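Chain residues, written in single-letter form:
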Amino acid sequence: MRCIRRLLRWPVARLLGIDVGTTSAKALVIDESGQVLAQATSEYPLSIPAPGWSEQNPDDWWLGVQECLRGLGDQPIDAIGLTGQMHGAVFLSKGGEVLRPAILWNDQRTVKECAEIEQRVGKSRVLAITKNPPLTGFQAPKIMWLRNHEPEVFKLVRTVVLPKDYIRFRLSGVLSTDVSDASGTGVFDVGKRAWSEEVLEALDLPIAWFPPVQESSEVSSRKAGEGIPIVAGAGDQAAGAVGVGAVCPGITSISLGTSGVVFSSLPNVPLEVSESTHTFCHANGGWHAMGVTLSCGGSMRWARDTFFSGARFQSFDESAMSAPPGSDGLTCLPYLTGERCPHNDPLARGTFAGLTSAHGLSHIARSVFEGSCFSLLDAFHALEEIGITAGDLRVMGGGTSSDFWVQMLADVFRRPCKTLEVDEGPAFGAAILAGVGIGVWPDVAHACSSVVRMKREFLPSASAYGDAYDRYRLLYSHLAAWFAGL
């Protein structure tokens, strides 16, 4: 495919990236210079049928993607890259029909199933093979939950796919996934970049349920009726890292999305891993480590909708700016859907501590910003503990629209933070992977050096957050037992 393209001297390639996010689908088209030629977004609903649960109808993703493709207009496309929210479980029947709503990455119902995985496989063995502890957000515990709680549905399952791979199936009729997204299922051998027969056998799950796995830039299928190549793509974090150029050691990305992620590329798979961080296959053919906080932008949206109903995010920012650093002693734990790094505690809860009659809405708003930044700093420290050093911090995601938030990150981290000229997140990275797949660039590193450009650098100011961060760190240790009793 790559040689054919060069020999024929085709015109400038147009590359489509599709992102199946938690709140919306996004699609964009870029050219070989990285210029965004067209983009579209379509929102869809999120269902919370019980406390701690999180579900979506996969058909809503498909309708959202179709709306995005219509919104792009008549764009000639040379290749398609896919990305999306990770870990979700889409259960398909023998005929490919969706059997129930997908259970999402931020769903916390599978505490008992995670314990069952540790008992069946062995805690140390799970870590050795998958490079991660069993987590409530991962796909494997969701499959086991279905077996334990909805056995009639479980009997009909013949395939389990991740969210972006359901869109591939609808676009091409092909079942396939990539190594980065598969790494977050809990049944993948991250070192060998293959499904773990040992783990699947211990869990009594058939390997036939899981799609073939490819590297992220390999062509996996073609769009039905059009023949456009579709590359394997990547989970949203790996694709987002490609979009900011975090594909070699020394560059760390910070994602300000619904969840918050601190992400760094690894040259080799580590022999020993931390239970606080994730080690996954990367979209560049290597590996990466990341620390994840579950409610980053999610806590912002909740606070705005709860305390500033109907307000724009700009108004939320402006209110927070009027309170001083440290929020006059008010501390927020943004653990609205439990927490993953560094506590790995699905029972953790969101908390405001230190409220007095002197506090107002501006303090509440600022404390949520601070709590989100502190949770990301926790994740950063967790990566430092496994030997990762960051020389270059690049910030991406919807949160970069707030200069106030990015400046606070620089102040809390005490390091410069850079934003990107093109900050379209995972969809941009997916489009880059599509280009690598058809030979526009020889590999992911060359692609990133060609199209990823910095926009602005935020330098640390004199604002001090040390005392506020210390209070934040102490608060969870005092409340963990109380959370467990809820």
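Residues numbered from 1 in each chain as written. Predicted model: local features only at pLDDT ≥ 70, side-chain atom pairs only at ≥ 80, totals over all residues. Heavy atoms only, no water.

Attention now goes to the pairing of strand β13 (residues 219–222). The sheet contact formed by β13 and strand β14 (residues 229–231) spans three bridges and is antiparallel. Bridging across to β14, Val219 finds its partner in Val231. What sits between the antiparallel neighbours β13 and β14 is a turn of six residues, in which Gly225 has the positive phi angle 80°. (Pairing = 2+ DSSP bridges. Helix = DSSP H or I, 4+ residues; strand = E, 2+ residues; numbered from the N terminus.)

Moving on: the nonpolar core. Ranked by internal contacts, the top residues of the largest apolar core, which has 78 residues, are Ile254, Leu409 and Phe413. Here this core takes 11 residues from helix α13 (residues 361–385), the largest share from any one element. For Ile254, the residues in contact, after removing those within four places along its chain, are Val261, Val262, Leu376, Leu393, Arg394, Val395, Met396, Leu409 and Phe413. By size, the runner-up hydrophobic cluster in this structure holds 72 residues, among which are Ile18, Leu28, Val292 and Met396. (Core = buried A, V, L, I, M, F, W, Y, C linked by side-chain atoms within 4.5 Å. Buried < 20%, exposed > 50% of the residue type's maximum accessible area, 1.4 Å probe, protein only. Contact = heavy atoms within 4.5 Å.)

Within the open sheet, the seven strands sit side by side as β18-β19-β17-β16-β22-β23-β24. Their pairing is mixed. If you trace the sheet from one side to the other, it starts and ends with β18 (278–281) and β24 (454–458), each paired once. Going across the sheet, the axis of each strand differs from the next one's by a mean of 30°, ignoring polarity. Where strand β22 (residues 392–396) lies against strand β23 (residues 417–420), two bridges are found, and the strand directions are parallel. Bridge assignment links Leu393 to a residue of β23, and that residue is Cys417. In this fold α13 packs onto β16 (251–256), β17 (260–266), β19 (287–293) and β22, with an angle of close to 20° to the strand it touches most, β17. (Axes fitted to C-alpha atoms, helices over the stretch in contact; angles between N-to-C directions.)

In this section: the side chain of Ser42. Relative to the helices and strands, Ser42 resides in strand β3 (residues 36–43). Separated by 2.7 Å, the side chains of Ser42 and Glu67 make a polar contact. Not counting residues within four places of it along the chain, the set of residues in contact with Ser42 comprises Ser24, Ala25, Gly64, Glu67 and Cys68. (Polar contact = N/O pair within 3.5 Å; in protein donor to acceptor, adjacent residues only side chain to side chain.)

What follows is about unusual backbone geometry. With an omega of 5°, the peptide bond running from Cys341 to Pro342 counts as cis. Among the secondary structure elements, Pro342 is positioned in the loop between β20 (331–333) and β21 (351–353). A positive phi angle, close to 65°, is found at Lys131, a residue other than glycine. Along the chain, the position of Lys131 falls in the loop between α4 (123–130) and α5 (139–149). Residue Asp328 is not a glycine yet carries a positive backbone phi of 50°. With respect to the helices and strands, Asp328 occurs in the loop between α12 (313–321) and β20.

What follows concerns the environment of Lys192. Residue placement: Lys192 occurs in the loop between β10 (188–189) and β11 (194–195). Overall, Lys192 belongs to the exposed group, its relative accessible area being 68%. Placed 77 residues apart in sequence, Lys192 and Val269 show a C-alpha to C-alpha distance of 9.6 Å.

Taken residue by residue, the protein chain gives an average pLDDT of 92. The fraction at 70 or more is 98%. Contacts of residues 1–10 to residues separated by more than four positions or lying in other chains number 22 contacts, the stretch itself having pLDDT below 50. (pLDDT = per-residue confidence, 0-100.)

So, on to the pattern of salt bridges. All chains considered together, the criterion is met by 23 salt bridges. Where Arg170 meets Asp59, a salt bridge forms, and the shortest distance between an N and an O atom there is 3.2 Å. Of the two residues, Arg170 is situated in helix α7 (residues 163–172) and Asp59 in helix α2 (residues 58–71); the sequence distance between them amounts to 111 residues. For Arg170, a relative accessible area of 34% corresponds to the partly exposed category. The salt bridge involving Arg394 is made with Asp392; its shortest N-O contact spans 3.2 Å. The burial state of Arg394 is the same as that of Asp392; both residues are buried. One network of salt bridges, in which partners are shared, links Glu55, Arg100, Asp107, Arg109 and Glu150. (Salt bridge = Lys/Arg side-chain N within 4 Å of Asp/Glu carboxyl O.)

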